[in-house]
Amino acid sequence: MQIAKYGVSLSIFFILIILETFFPLFTDWKNRWKHAARNIFIIFFNSVLLIVLFSKLVGIVFEHSANIKFGLFYRIDAPAWLKIAVVFLLFDLWMYIWHRMNHEIDFLWRFHRMHHSDPNMDVTTALRFHFGELIFSTILRFGIILLLGLSPFILVLYETIMLPVIFFHHSNFYLPEKIDRVLRKVIITPWMHWVHHSDIREEMDSNYGTIFSWWDRLARSFKLRSDPKKIHYGVPEMEDSRWQTIGGMLKTPFVSTE
């Protein structure tokens, strides 16, 4: 199933690059491919680091979860498909909560702001996360695995859907508003996530969902703009070009810009 996950994700990734090329929201990209190369380097760097740090531990946590049968999955008296659906949805709720924490807790924001400091959001921005944020996320995820009784199958299923969705809503592909309006009744869409990457803090602190859009509606963090082409991306205190270099991105959490 891992092969299917990466096959689907890479296919959607390259399709969106093509769509961004011919139907972009913003057409005044500067150094598009240099920008993409930097973001892609970050994901390779992060992937290697996470494999080195956590590959064995992840297996141990999943095995322990299956052995103790403490999590919600093992407590629900229901058909397997329904238990999978419930745990899947609750894991997506956790992803909403974790994302919101990264905006509302100053320490976590120092790491997460590297993602938001991208001044030219496109599909590669979905790959741009600081390794510190991913380390914290992975450690906390171990607890979620135990609480929900999450299995490798459910996690891979989640990621198989999640990755195409986050590629889609980070993309610079100009999706007509009528189509977006239908899709965002269920999933996070470009029109929602463009607002989330605005440099206006009130807009940046909205639309936290990963797959499903209803968490934002329920938590009243849903926001839209009728003029997405007027959105200015980035973090105001990190507009200098030095924050777009590999070194600048990696040291983002450890410096003060005030």
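Above this text sits the structure in question.
Just so it is clear, the structure is predicted and the values come from calculations on it, not from any experiment.

**Regarding the overall build of the protein**
A count of helices and strands for the protein gives 12 helices and zero strands. Going residue by residue from the N terminus, the α and β elements of the protein occur as α-α-α-α-α-α-α-α-α-α-α-α. Relative to a compact globule of 258 residues, whose C-alpha radius of gyration would be 18 Å, the protein shows 18 Å and is just as compact. Out of the 258 residues in the protein, the part that is buried amounts to 48%. Here the protein has roughly 13000 Å² of accessible surface; of this, 69% comes from carbon and sulfur atoms. Averaged over its 27 positive side-chain charges, the protein has a centre that lies 3 Å from the centre of its 23 negative ones.

**Re empty space enclosed by the protein**
Counting across every chain of the model gives one cavity of 30 Å³ or more. There is about 30 Å³ of room inside the largest cavity. Along the walls of the largest cavity sit Trp29, Lys30, Arg32, His35, Asn120 and Asp122, which together make up its complete lining. Residues that form the lining of the largest cavity fall into these classes: one nonpolar, two polar and three charged.

**Side note on the layout of surface pockets**
Estimates place the volume of the largest pocket at around 1600 Å³. Around the largest pocket, the lining comprises 48 residues; the ones closest to its centre are Ile43, Leu50, Glu159, Met162 and Leu163. Listing elements by their share of the lining of the largest pocket, those giving two or more residues are α1 (2-22), α2 (32-68), α4 (80-104), α5 (106-116), α6 (131-148) and α7 (152-170). If you tally residues by element for the lining of the largest pocket, the top one is α2, at 11 residues. The class makeup of the residues in the lining of the largest pocket is 28 nonpolar, 16 polar and four charged. Taken as a whole, the second largest pocket holds about 610 Å³ of empty space.

**Examining the nonpolar core**
Ranked by size, the top nonpolar core spans 39 residues in total, and within it Phe91, Leu150, Tyr158, Met162, Phe167 and Ile211 carry the most contacts. Elements that contribute at least two residues to this core include exactly α1, α2, α4, α6 and α7. The greatest single-element share of this core, amounting to eight residues, is contributed by α7. Look past the residues within four positions of isoleucine 211 in its chain and what remains in contact with it is Phe88, Asp92, Tyr158, Ile161, Met162, Val165, Val186, Ile187 and Ile188. Core analysis: the second largest hydrophobic core is formed by nine residues, Leu25, Met121, Trp191 and Trp194 among them.

**Looking at the packing of aromatic side chains**
Applying the stated criterion across every chain yields a total of 21 aromatic pairs. Taking the centre distance of 5.2 Å and the plane angle of 85° together, the rings of phenylalanine 111 and phenylalanine 136 count as edge-to-face. Pair noted here: phenylalanine 111 is in helix α5 and phenylalanine 136 is in helix α6, with a separation of 25 residues, a long-range link. Note on phenylalanine 111: relative accessible area 8%, which makes it buried. By relative accessible area, phenylalanine 136 is classed as partly exposed at 26%. By the ring-pair criterion, three or more aromatic residues cluster together here, those being Phe88, Phe91, Tyr158, Phe212, Trp214 and Trp215. For arginine 201, the ring lying beneath its charged end belongs to tryptophan 109, and the centroid distance is 4.2 Å. Directly above the ring of phenylalanine 222 sits arginine 217, whose terminal nitrogen or CZ lies 4.2 Å from the centroid.

**A closer look at the packing of α4 against α5**
Put simply, α4 and α5 touch, their axes get as near as 6 Å, and they point 100° apart. Here α4 lies roughly perpendicular to α5, going by the angle between them. Residue-level contacts link Trp98, His99, Met101, Asn102, His103 and Glu104 of α4 to Asp106, Leu108, Trp109, His112 and His116 of α5. Taken together, the residues that form the contact of α4 with α5 break down as four nonpolar, five polar and two charged.

What counts and how
Residues numbered from 1 in each chain as written. Predicted model: local features only at pLDDT ≥ 70, side-chain atom pairs only at ≥ 80, totals over all residues. Heavy atoms only, no water. Helix = DSSP H or I, 4+ residues; strand = E, 2+ residues; numbered from the N terminus. Rg over C-alpha atoms; globule rule 2.2 N^0.38 Å. Buried < 20%, exposed > 50% of the residue type's maximum accessible area, 1.4 Å probe, protein only. Areas by Shrake-Rupley, 256 points an atom, 1.4 Å probe, with all protein chains shown as cover. Lys, Arg positive; Asp, Glu negative; His and termini not counted. Charge placed at Lys NZ, Arg CZ, Asp CG, Glu CD. 1 Å grid on protein atoms, 1.4 Å probe; cavity = no way out; pocket = protein on both sides within 12 Å on 5 of 7 lines; lining within 4 Å. Points joined across faces, edges and corners; volume = space filled by probe spheres on them. Nonpolar A, V, L, I, M, F, W, Y, C, P; charged D, E, K, R; others polar. Core = buried A, V, L, I, M, F, W, Y, C linked by side-chain atoms within 4.5 Å. Contact = heavy atoms within 4.5 Å. Phe/Tyr/Trp six-rings, centres within 6.5 Å; stacked < 30°, edge-to-face > 60°. Lys NZ or Arg CZ within 6 Å of the ring centre and 35° of its normal. Axes fitted to C-alpha atoms, helices over the stretch in contact; angles between N-to-C directions. Parallel < 35°, antiparallel > 145°, perpendicular 65-115°, else oblique.

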